[in-house]
Each structure stands twice: as C-alpha cells, then as structure tokens.
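# Descriptive analysis of the structure
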Amino acid sequence: MVAASDQRWTWWPLLPLYPYGRKRTLVRELIPDQLWSFEQLQGVFYVAVPIRMTVVRVRGGLMLYAPVAPTVEVRQALRSLEERFGAVQTIVLPTASGLEHKLPVPPMARAFPEAEVWVTPGQWSFPINLPASWLGFPRARTRVLQEDGYPHSDELVWSSLGPLDLGLGRFQEFACLHQASGSLLLTDALVAINPEPPPIFDLDPTPLLFHARDSGDQPLTDTPELRQKGWERLALFASFLRPEALEVPPLRELLSKAFQPGCRSARSYFGLFPFQWRSSSRTAFEALTQPSGSLLVAPVLERLVFPRARPVVIRWLRELAQLPQVRWVVPAHYDAPVPCSNEQLAQFADAFERREWAPNEGNWDYLASIDQLLVRSGVVPGEDSA
Ligand SMILES: [Fe+2]
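Let me sum up the structure you'll find in this document. (Residues numbered from 1 in each chain as written. Predicted model: local features only at pLDDT ≥ 70, side-chain atom pairs only at ≥ 80, totals over all residues. Heavy atoms only, no water.)

### Let's talk about the packing of helix H9 (residues 310-321) against helix H10 (residues 342-354)
- The contact between H9 and H10 brings their axes to 8 Å, and the two run at 165 degrees. The angle between H9 and H10 places the two elements in the roughly antiparallel class. Once H9 is placed against H10, the crossing between them reads as left-handed. Contacts between H9 and H10 involve Arg310, Val313, Ile314, Leu317, Arg318, Leu320 and Ala321 on the former and, on the latter, Asn342, Leu345, Ala346, Phe348, Ala349, Asp350, Phe352 and Glu353.
- Taken together, the residues of the contact of H9 with H10 sort by class into 10 nonpolar, one polar and four charged. (Axes fitted to C-alpha atoms, helices over the stretch in contact; angles between N-to-C directions. Helix = DSSP H or I, 4+ residues; strand = E, 2+ residues; numbered from the N terminus. Parallel < 35°, antiparallel > 145°, perpendicular 65-115°, else oblique. Left-handed = near helix turned anticlockwise from the far one by under 90°. Contact = heavy atoms within 4.5 Å. Nonpolar A, V, L, I, M, F, W, Y, C, P; charged D, E, K, R; others polar.)

Structural data, given as structure tokens:
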C-alpha cells in the first residue's frame, strides 16, 4: 500500500484538474526490460482520463517521454529502474501545446538534475507567453528538438507533426520510434480508447461511479456494470466535450437534486451533477472503440486543430508508416501498448484521407460550434491554411 503522502502533488493549483493534490500512479512494464508506462488520472469534474509517461531504455540509461507529475511514488519507481538499467539521462517534452504534459517537466527536471531536458520548439502558455526559463525549465541543460538535433538519434527515430498555426499558438508534437522494441511513442494525435475501464481506475473508481449515475441525487454505487457504464460516458465526454446523447440540465433542476441525503460529501460533489444522458451512450461508445484496440485521431484535435492542416496530418501519418519496423503504438493517453504494423499505419492514413473529416453533426456538434466560433471571431485561421 502506497502512503497518501507519497502521492502528493503540490503543483496541482497550476492546472487544477482532478485528482488535484493526490495523484496515484500505475506503473506497468509494457515491453520487458525496454519500456514502462507510468499512468495517472487527469481531468475536470471527474472527467478524468489516463495520462501516461513512457520510460524508454536507451544505451546506458533511461529516457522519460512526456513526464507525469513526479510524486514521491513516481520518483521511487524511477530510482528502482535506474538501479537496474542506469540513470535517467533525458527528459522529453514532445508537445508544444499540451499543458498537462508541460507542467510536470520542470519539477521532473529538478528531481533528475543530471538529465538533459529536450523540449518541442515554440512553447507557449495561454493566455500569456512566458519564456521557457520563467516556466521553470533549467536553461543550462534544456535543448530544443529539431533545432538542436534529437536525443539518442542512433537508437530512436523522431518524426514531427507540425508545427501547425493555431492562432492562439502552435500545435506540434514529436513521435519517437524506439527501434529496439518497435514501439512508436505518441503524445496526443492518435489514441486507442480502452473498450473497458483502464486498469488505473482500479486504484480509484470514483470518476466512473460518478458518471454512471443518472442524476446527482443517486449515491455512488460500485459494481462492474456501473464501472463500465461510467467509463463509456466518461470516454465520450472527454472525446467530444458534449456528446449527442448528453444534455446539460437547467440550473434550477441541477440545484434541486444537490445536497440530497447520501450525497452530502465532497466525493459526490454534494450531488452536483451537470449531466443528463438523453439516450444510451452504448452505440456512440462502440463507434469510438470499434474495432477493439484500433487507433483513432483524437476527436478534439480532429475538429479543433487538424481541419486547418489536412495535408500535413496525412503526410505525417504516411511518414510514420515509412519508419523502420513498427510493432506497437504507445500514446500518452488511454490504452497502450496498441499492436500496430507499418501496413496498418499506411491503411490508417489512406482511410483518414478518404473519409469525411471532422463533421459538424451528431457527437461532433459541440466541437464544431466551438471551432466555428473561433474561426468566425478570427482567433484561429480558416480551413486548410497551414
Ligand atoms: Fe495530452
């Protein structure tokens, strides 16, 4: 049993997402003696999805790709890997825009003062652009991917998606192929959504139970069926922000169900529950996860970022298909490792080119309305201008 104090994360107010000041971490060996996954939960109002750091064995030591919050628990697990495989040599921030991946980097760098830090160019922090050293990146040992080359380039192959102009800043992420294991590490662009609740929820199923309910006055009950139902809703919500089957109830109704007996605890947000599912979430969830274990472009990116860069995304997918042998894909969210071959990546690129992009209806309706608002108000550039 890990002590709660070992899971403390004092930097949470910088990005106040569930589970705030206490982060449990699930450590799994993905490829024996080669690759490890460190997962935590991150989310808003219990819409918590797994976020992953991948630890890669490189010659003489370890590389951390997309760090998570370095709690005592995380540092101890890394120390025990260091004892077996050598020191943490490199810490990589592989995205320009994903704040959830950026914030853990400075404290992780402090925890490993000998490690070199590599960051994606053009770091920005909305709403104010701060220079990297102000964000706590150690200037003397921070290097910039692409501009200063790439770390471990004799063992790893790097591939950049973007930069794409977002108006507010830029989107760029670096995929990394670990040739020894055939593992392709990705950040946000592609995901495989677990058909069943990811194992990290075994440490704390609260977010699943919270969403399995139909109204805020129902207590949190724990059964395998309710965990599954909660997971389906949560994945839909995290993917589309407001899926078609979801209605946000009026405030009066919301408050009338709050503070009911059995719900007067912080764990159930005192009965506050701004979700009302119009219809079954099953069909929509199956569309996200079928065929089981397959890759998908993260819907938020497809609708809000990639419409402006269709050819760039397809070119990047084709570039991934041309890499030396790919056997697994390891994204920084949801399921991993996902079995995947070069042929599958090529087929994925073809299918992505052929199918309709980021539609405006159904589950996509809400994302589309955000996008159209941003384009109309001139905050982001229009279609295909990247
Ligand atoms: Fe992310």
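Having seen the model, we can carry on.
### So, the pattern of salt bridges
- Across all of its chains, the model carries 12 salt bridges by this definition.
- When the shortest N-O distance is used, the salt bridge between Asp33 and Arg84 registers 3.2 Å. Placement of Asp33 in the loop between strand S1 (26-31) and strand S2 (35-44) and of Arg84 in helix H1 (residues 72-85) is noted, with a sequence separation of 51 residues between them.
- In this structure Arg84 comes out as exposed when scored by relative accessible area, which is 53%.
- Shared partners join several salt bridges into a network, and the residues in it are Arg28, Glu39 and Arg52. (Salt bridge = Lys/Arg side-chain N within 4 Å of Asp/Glu carboxyl O. Buried < 20%, exposed > 50% of the residue type's maximum accessible area, 1.4 Å probe, protein only.)

### Digging into the nonpolar core
- Grouped together as the largest cluster of nonpolar side chains are 53 residues, with contacts concentrated most on Leu184, Ile193, Trp231, Leu295 and Phe306.
- For this core, the element with the most residues is H9, which contributes seven residues.
- If sequence neighbours within four positions are ignored, Leu184 has contacts with Ala175, Cys176, Leu177, Leu320, Leu323, Val326, Trp328, Val329, Val330 and Leu345.
- Listed in part, the 26 residues of the second largest apolar core include Ile51, Met53, Leu64 and Val117. (Core = buried A, V, L, I, M, F, W, Y, C linked by side-chain atoms within 4.5 Å.)

### Notes on the coordination of the iron ion
- On the protein side, the iron ion has Glu100 (OE), His101 (NE2), Asp188 (OD) and His333 (NE2) as donor atoms, found 2.0 to 2.1 Å from it.
- Around the iron ion sit four donor atoms; with metal-centred angles ranging over 95 to 145 degrees, the donor geometry is irregular.
- Of note, the iron ion draws all its donor residues from one chain, in the sequence arrangement E-H-x86-D-x144-H. Taken as a pair, Asp188 in the loop between strand S10 (183-185) and strand S11 (190-191) and His333 in the loop between strand S15 (328-330) and strand S16 (338-339) lie far apart in primary sequence, 145 residues in all. (Donors = N, O, S within 2.8 Å, 3.2 Å for Na, K, Ca; no water. Tetrahedral: all angles 85-135°; square planar, octahedral: opposite > 155°, others 65-115°.)

### With respect to unusual backbone geometry
- Going from Gly162 to Pro163, the amide bond is cis rather than trans, its omega being 10 degrees.
- Along the polypeptide, Pro163 turns up in strand S8 (residues 156-165).
- Omega for the bond connecting Ala336 with Pro337 falls within 30 degrees of zero, at -5 degrees, which places this linkage in the cis form.
- Along the polypeptide, Pro337 turns up in the loop between S15 and S16.
- The residue His152 is not glycine, and still its phi comes out positive at about 50 degrees.
- Overall, His152 belongs to the buried group, its relative accessible area being 16%.
- Residue Tyr334 is not a glycine yet carries a positive backbone phi of 60 degrees.
- Looking at where Tyr334 falls in the secondary structure, it is placed in the loop between S15 and S16.

### Brief notes about the side chain of Gln228
- If you trace the backbone, Gln228 turns up in helix H5 (residues 224-240).
- With a relative accessible area of 19%, Gln228 lands in the buried category.
- Look past the residues within four positions of Gln228 in its chain and what remains in contact with it is Pro195, Glu196, Pro197, Arg282 and Phe285.

### Focus on the sheet that holds S8
- Taken together, the five strands give an open sheet; going across it, the order is S8-S9-S10-S15-S16, and neighbouring strands pair in mixed fashion. Each edge of the sheet is formed by a strand with only one pairing partner; in this case those strands are S8 and S16.
- Pairing of S8 with strand S9 (residues 170-178) involves eight bridges; the strand directions are antiparallel. Bridge pairing in S9 places Ser160 opposite Phe174.
- Relative to the sheet, H9 contacts S8, S9 and S10, its axis offset from that of S8 by approximately 175 degrees. (Pairing = 2+ DSSP bridges.)

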